[in-house]
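Chain residues, written in single-letter form:
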Amino acid sequence: MATTADTSPMQPARPHKGSPSAAPAPAPSATGDASRPHGAPTPDNPARGPVNKLGVAAVVITVVLWASAFVGIRAVGPSFSPGSLTLGRLAIAAVVLGALVLPKLRVLPRGREWWPILAYGVMWFGGYNVALNAAEHLLDAGTSALLINVNPILIAVMAGVILKEGFPRWLIIGSLVAFGGVAVIALGSGQRSTADVAGVLLCLLAAALAAVSVIVQKPVLRKFPAAQATWFGIMVGFLCCLPFGGQLVTELQAAPLPATLGLVYLGIFPTAIAFTTWAYALSLIDAGKLAATTYLVPGTTVLISWLVLSEIPTVWGLVGGAICLVGVGLTRRRSR
């Protein structure tokens, strides 16, 4: 996803740290190529300049593949338990993405650089996936995607506080409305069974883990290309899930071929590819603004789920999801 250099600068070059006259080093791309159009958004200043076409394509790919993941998890769920499914996805993703990353890998993280990688590796690639897989044993794919939609709100709040991306008044109002939508979904679930309430809570846990992970990952992308940062996290998550190895082997032996192929799909597309395209887009765009694009995931998931699994969310799920989307829309309003 590298771009070619532009010979006509659009803004003055900033001095490089430690050198009063040197131009700033360009940020890495998703594939490890450090070239980037001069004056294009950088991780340090993502708001300046238009996002290039590759960045837009990365967002679209991420939304579609992550939406398909909710359906894929639901489809293979009867054959794989939450932990073994996570381990299988990460193992496949580690091999596929490693084949692209390792030939270009020149520098490994050192010392404290490992801390944020370990954090999002454990929380996002490990904890998030296990929690989401467990939730989809209890909830349909569309409802799960609607609940995970709390994630962009959490990211926007934390990005405003931690990354100094701003904390507008409408963000607070919209967040309260969206959480009201989550309460409606939870209320409807509670009227059906306690198992559904557990699914709601697992989805909210997954959303929180993902939100924190995005904030932690953002600074890592200032030094490492998107593919490398993603692969590091995948490897950390894989190591954390190794205790599920025996379970995975047993379930693979008993799983039908379609379920095994579904596991391979989840490992390659929503994991290796989509997490990399997300990281690439995150290196170009503010975390809060990028998170807004995932508002498209629930609707896409419902459509795919209806086409593939014939699943339609309950009335409570649709009403609560609609309230969530209204709240999310309010967070995008600008304060006068």
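The coordinates are above.
Note that the structure is predicted; figures quoted are calculated from it, not measured.

Asks: Sorry if this is basic, but what is going on with the overall build of the protein chain here?
Replies: Within the protein chain, the secondary structure is distributed over 13 helices and zero strands. Going residue by residue from the N terminus, the α and β elements of the protein chain occur as α-α-α-α-α-α-α-α-α-α-α-α-α. A total of 336 residues make up the protein chain; the buried ones form 49% of that total. Considering only contacts in the protein chain between residues 6 or more positions apart, those separated by 24 or more positions represent 87%.

Asks: Can you walk me through the environment of Thr230 in this structure?
Replies: Mapped onto the elements, Thr230 comes out in helix H8 (residues 226-240). Taking relative accessible area as the criterion, Thr230 reaches 0% and is therefore assigned buried. Note: C-alpha distance between Thr230 and Ala93 (137 residues apart in sequence) is 9.9 Å. The residues touching Thr230, leaving out its near neighbours within four places in the chain, are Leu97, Phe125, Gln217, Phe275, Thr276 and Ala279.

Asks: Even after reading the chapter, I still don't get the packing of H8 against helix H10 (residues 257-282), so can you show me in this structure?
Replies: Between two packed helices, the angle of one axis relative to the other and the distance separating the axes together describe the packing. Two elements in contact, H8 and H10, have axes whose closest approach is 8 Å; the angle formed by their N-to-C orientations is 130°. Between H8 and H10, the interaxial angle falls into the category oblique. Regarding H8 and H10, the two cross each other, and that crossing is right-handed. Residue-level contacts link Ala226, Ala227, Thr230 and Ile234 of H8 to Thr271, Phe275, Thr276, Ala279 and Tyr280 of H10. When its residues are assigned to classes, the contact of H8 with H10 shows six nonpolar, three polar and no charged.

Parameters and conventions
- Residues numbered from 1 in each chain as written.
- Predicted model: local features only at pLDDT ≥ 70, side-chain atom pairs only at ≥ 80, totals over all residues.
- Heavy atoms only, no water.
- Helix = DSSP H or I, 4+ residues; strand = E, 2+ residues; numbered from the N terminus.
- Buried < 20%, exposed > 50% of the residue type's maximum accessible area, 1.4 Å probe, protein only.
- Contact = heavy atoms within 4.5 Å.
- Axes fitted to C-alpha atoms, helices over the stretch in contact; angles between N-to-C directions.
- Parallel < 35°, antiparallel > 145°, perpendicular 65-115°, else oblique.
- Left-handed = near helix turned anticlockwise from the far one by under 90°.
- Nonpolar A, V, L, I, M, F, W, Y, C, P; charged D, E, K, R; others polar.

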